[in-house]
Each structure stands twice: as C-alpha cells, then as structure tokens.
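Chain and residue survey
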Amino acid sequence: MSQAWRATLFTASLYLLVGATLPYAPVWLEQARGFAGWQIAGAISAATLLRIIVGPVSAAWSEQIGLRSVLIAISAILTIGYALLLFAPMAALIIALIIAVYLAWGAAMPLSEALLMSATRSKRPDYGVARAIGSAAFIAASLAVGALVRTHGSDIAVIWMAAASGLMVITAAWMKPDRPALVTARPSLATTLREGGALYRDRRILLAALAAALIQSAHAQYYNFGSILWIAQGIDETQVGILWSVGVLAEIVFLAVSGVMLKGKTVTPGTLIMLGGAGAVVRWTLTGFAPSLTALYALQTLHALSFAATLVGTLRFLEEELAPEKVPIAVSINSALGFGPLLAGAGVIGGILFDSLDTAGPQAQAQSYWLMAAMAAIGLVLCIPLLRRRQPQSAGLGGETRAPS
C-alpha cells in the first residue's frame, strides 16, 4: 500500500477520534463526572491556550525525529490518556487528562495535514479525496457515538475515543519511515513570532487576523456546550450526532465550491470573511433562542459560512496580500490568534455565563450564544475595509508589488 493511503488511514483514524471528542467529551464530563460549566470550559480553554506553545514545539520535534515517530508518540499519549479518564478518581486528575488529550490531538491535526499533503503530492488518493475521507470519518464517528451514548450512556464515548486513539497508534506505526520530503520544516516559535509580528504591522493584515479570530472564536460555546444544551433541551444523543454531521457536510460542500467562487472578481477573500461573520451572527443569534430541532438543522448549515468561509477567506487573503514565502509564517500566527487566546477567553467567559443561567434552565442557558453573536458582529464590522483588494501599486509588507490575483 502506498504512503498516500497509509497517511489517509491515519488521518481517518484521527477524525474518528475528533468526531467523538468534540461533541461528546463535554457531555461525558457533565453526565458521568458531574462537572460544572466553568470546569468544562476551563479545561478545554486551558488546552486551547497551551496549544500556542505545544503546536510549534511538536512541529520542531518532528524535524528532529520525523513526523511518523512524533505521531506514534502523540497517538500513544492519547490512548493512555483516554483510557485513564475512565478510571480517574479525582476531578483535578480528570481536568489534567482532558487538557492533555485535547492538547495532543490538537497538535496531531496540523502534523497530519503536513504528512497528508506531502504523501499525496504525486500519489493517489490526491489531497482532496484523502481529506474528504477524513471528514467522512468525523461524520461516521459523531453519528455512531451519538447512537451508542443514547443506548449505553456517555462512558461508551470515552471507550470509543480510547479505541480510536489505539487505531491511530497502529496506522501511524504502519506508515513508512519519513523521507526528508515528508519532514515538516518549520521555523522555531521565537522566529515565527518575531517575523510574523512584523507582518502584522500592516493594517489590512491585522484587521483580517482580528476579524477572522473573532468570528472563529465565536464557536467557543458550540464546541464546549453545544451537545450539552441540545440534550438538556430534549434532543436525544442520536440527533445530536446528526446535527454535528450536518455542519461538517455543509463545510465540505462549501470547500468544494469555494475555488469556483473566488475565480471571478466579484467575490474577494474579504467578502468571504464578511460572509463568515454574517453567517456567524445569524447562526448564534438564532441558536440563542433555543430553536426547534428542524430549525437547528437549518442553522447547522451555516457552519459553511461561520467556519469554512472564514477559514478560506482568511487563507486566500493572506495569499493575495503577502509574498509566497511569507504566507506560512502569517498562517501560523493567524492560527495561533484564531484558535488561541480569543477562543480560550471566549470559552471561559461562556462557561461562567452558562453556569450563571443554570437555575433558569436550558432555554435561558442557550442565551449565552448571544455573547458569541456579539463577538462575530465585531469581526463583521472589522471586515468592511477588507472588501476591496489592495491597489496593485501598494505592496504593503508582502514583498514585491504585484497585481491582485
């Protein structure tokens, strides 16, 4: 079997884990361990914040010993961590383990992307097909685990996570030893921050980063409490899995058509970020009213805008504004900003708000989404100066002057 297929199988096993963890780890913490909202949000937010350091460190580590070895080690940590969660007796130990596993799979995702892109460069399946298989694994996991939790209780979700992590160990070990081309070459954290910080002195780059970070961080309440709130509102675990799957399906469809949208001159990267912000404002505002299951299905399709349009718009914006050799550094800094301090802060504040509304019931707790809508609205306003492309005579910090693509 080719390295491309082996990398694809590893990616699929990773998404079998993530597709169970994102929807159901918070549910397990609440139902099986009695955690309050601030504890759930605090643990996940701590992992999100620490990922700013752990991500670059794991990438640098892969330069020394190879991606395959790092992914085997991370997969082993995940397997042990999820297995220990089932038997951990103290809340403090559970929180430490949750932080560890969220950190580990968060570090594994960009490394698996690097491996997948390299392995599929001249082999089949190509990157698009391989990535779609990963998304399909996420959907399968969210559906299967939802049905299992409904029948057997939330402990079964952690058993699934441990099993998926074990599968990651097997598929990572099955990959061929790294060739030099497969080893991710990334700058050190200090270099990344220094050079990236210089790029963000440009007002347009800074505005795009802040806008995207606010819009993406507005997903915090969804990631931390989405499943918990739906179950509290009377939606069974099987339907919860379907709701998560609808969001991922909408994301896949948007990613498939986004290239065509950007080929013309009407839709700019700034337009996509603004569409993401508008979709997020509508999504989280209406979700705050605790709508019916049918309405939730419709709202979940807005994940195509709130997440996917924001992501694609941001990446394409940086590609247009910067010289090619500067894009990886800018993407690294933007990822740290979008999925680091702002997301962690939104998660902590959202958890406190969630707890404060507990006595009023799930209908009131759903109103905590309005905080997310407000964050997205600020990001939407920041997008306005980005709608027009930079004039070709102004190169900013991107390098040589060139006409907008």
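Now for a description of the structure that goes with this document. (Residues numbered from 1 in each chain as written. Predicted model: local features only at pLDDT ≥ 70, side-chain atom pairs only at ≥ 80, totals over all residues. Heavy atoms only, no water.)

1. With respect to the layout of surface pockets
For the record, the criterion: Both cavities and pockets are sets of points on a 1 Å grid over the protein atoms alone; in a cavity a 1.4 Å probe fits but cannot get out, in a pocket the set is open with protein on both sides within 12 Å along at least five of seven lines, and lining residues sit with an atom within 4 Å of a point. Grid points are joined across faces, edges and corners, and a volume is the space filled by probe spheres set on the points. The secondary structure listing takes helices from DSSP runs of H or I that are at least 4 residues long and strands from runs of E that are at least 2 residues long, numbered from the N terminus. Residues are grouped as follows: nonpolar covers Ala, Val, Leu, Ile, Met, Phe, Trp, Tyr, Cys and Pro; charged covers Asp, Glu, Lys and Arg; every other residue, Gly included, is treated as polar.
Of the volumes computed, that of the second largest pocket is approximately 180 Å³. What lines the second largest pocket is a set of 14 residues, and nearest its centre among them are E30, I228, F354, D358 and Q365. Those elements that place two or more of their residues in the lining of the second largest pocket are helix 1 (3-31), helix 2 (37-65), helix 9 (220-232) and helix 15 (341-356). For the lining of the second largest pocket, the element with the highest residue contribution is helix 9, accounting for 4 residues. Split by residue class, the lining of the second largest pocket holds 8 nonpolar, 3 polar and 3 charged.

2. A few points about the environment of L315
Following the sequence through the fold, L315 ends up in helix 13 (residues 303-321). Counting along the chain gives 46 residues from L315 to P269, while the straight-line C-alpha distance between them is 8.2 Å.

3. With respect to the packing of aromatic side chains
Definition in use: Two aromatic rings, drawn from Phe, Tyr or Trp (for Trp, its six-membered ring), form a pair once their centres lie within 6.5 Å of each other, and the interplanar angle then sorts them: stacked below 30 degrees, edge-to-face above 60, tilted otherwise. Only lysine NZ and arginine CZ atoms are considered, and such an atom sits over a ring when it is within 6 Å of the ring centre and within 35 degrees of the ring normal.
Counted by the stated rule, this structure contains 8 aromatic pairs. Ring centres of W284 and Y369 lie 5.4 Å apart, and the angle between their planes is 10°; this geometry places the pair in the stacked category. Pair noted here: W284 is in helix 11 (residues 269-287) and Y369 is in helix 17 (residues 369-382), with a separation of 85 residues, a long-range link. An aromatic cluster of at least three residues, connected via ring pairs, comprises Y222, Y223, W230, W244, W284 and Y369. The side chain of R283 reaches across the aromatic face of Y222, ending 4.7 Å from its centre.

4. Describing a nonpolar patch on the surface
This is how the line gets drawn: Patch criteria: residues need more than 30% relative accessible area and no salt bridge. Like-charged residues are merged within 9 Å; nonpolar side chains of Val, Leu, Ile, Met, Phe, Trp and Tyr are merged within 5 Å. Values of accessible area rely on a 1.4 Å probe in the Shrake-Rupley scheme; residue burial ignores everything except the protein chains shown. Salt bridge criterion: a side-chain nitrogen from Lys or Arg within 4 Å of a carboxyl oxygen from Asp or Glu.
A grouping of M1, W5, L9 and W174 is seen on the molecular surface, where their side chains present a nonpolar patch of about 400 Å² in accessible area. When you line up the elements, L9 lands in helix 1.

5. Some remarks on the side chain of S135
Applied cut-off: Working rule for contacts: check all heavy atoms of both residues, and any pair within 4.5 Å makes them a contact.
Here S135 is to be found in helix 5 (residues 127-152). Once residues within four sequence positions are removed from consideration, S135 is found in contact with V248 and I252.

6. A closer look at helix 3 (residues 67-85)
The following threshold applies: One less than the residue count of a helix, multiplied by 1.5 Å, gives the span that helix is expected to have. Accessible area is worked out with a 1.4 Å probe on protein chains only. A residue is then buried under 20% of its type maximum, exposed over 50%, and partly exposed in between. When we speak of the arc, we mean the arc of directions from the helix axis to the C-beta atoms.
Between its terminal C-alpha atoms helix 3 stretches 27 Å, which fits the 27 Å expected from 19 residues at 1.5 Å a residue. Those residues of helix 3 lying buried are L67, V70, L71, I74, S75, L78, G81, Y82 and L85. Within helix 3, the buried residues cover an arc of 130° as seen down the axis, which keeps them to one side.

7. Some details on the side chain of H219
Rules: Pairs of N or O atoms within 3.5 Å make up the polar contacts considered here, provided that, within protein, one atom can donate a hydrogen while the other can accept it, and that residues adjacent in sequence are counted only when both atoms are side-chain atoms.
Among the structural elements, H219 can be located in the loop between helix 8 (203-217) and helix 9. Its relative accessible area of 0% is what places H219 among the buried residues. For H219, the side chain forms a polar contact with the main-chain oxygen of Q216, separated by 3.0 Å. Discounting residues that sit within four places of it in the chain, H219 has contacts with R283, W284, H303, S306 and F307.

8. Thoughts on the environment of I72
Note on placement: I72 falls in helix 3. The spatial distance from the C-alpha of I72 to the C-alpha of A172 is 5.4 Å, given a sequence separation of 100 residues. Contacts of I72, omitting those with residues within four sequence positions, involve A172 and A173.

9. Re the nonpolar core
Nonpolar side chains in soluble globular proteins tend to be buried together. To keep it simple, the criterion reads: For the purposes of this section, nonpolar cores are sets of buried Ala, Val, Leu, Ile, Met, Phe, Trp, Tyr and Cys residues that join through side-chain atoms within 4.5 Å.
Of all hydrophobic cores here, the largest spans 98 residues; its most connected members are L78, Y82 and W105. With 16 residues, the top contributor of residues to this core is helix 4 (residues 91-119). Residues in contact with W105, not counting those within four places in the same chain, are L14, L17, V18, T21, L22, R51, L78 and Y82.

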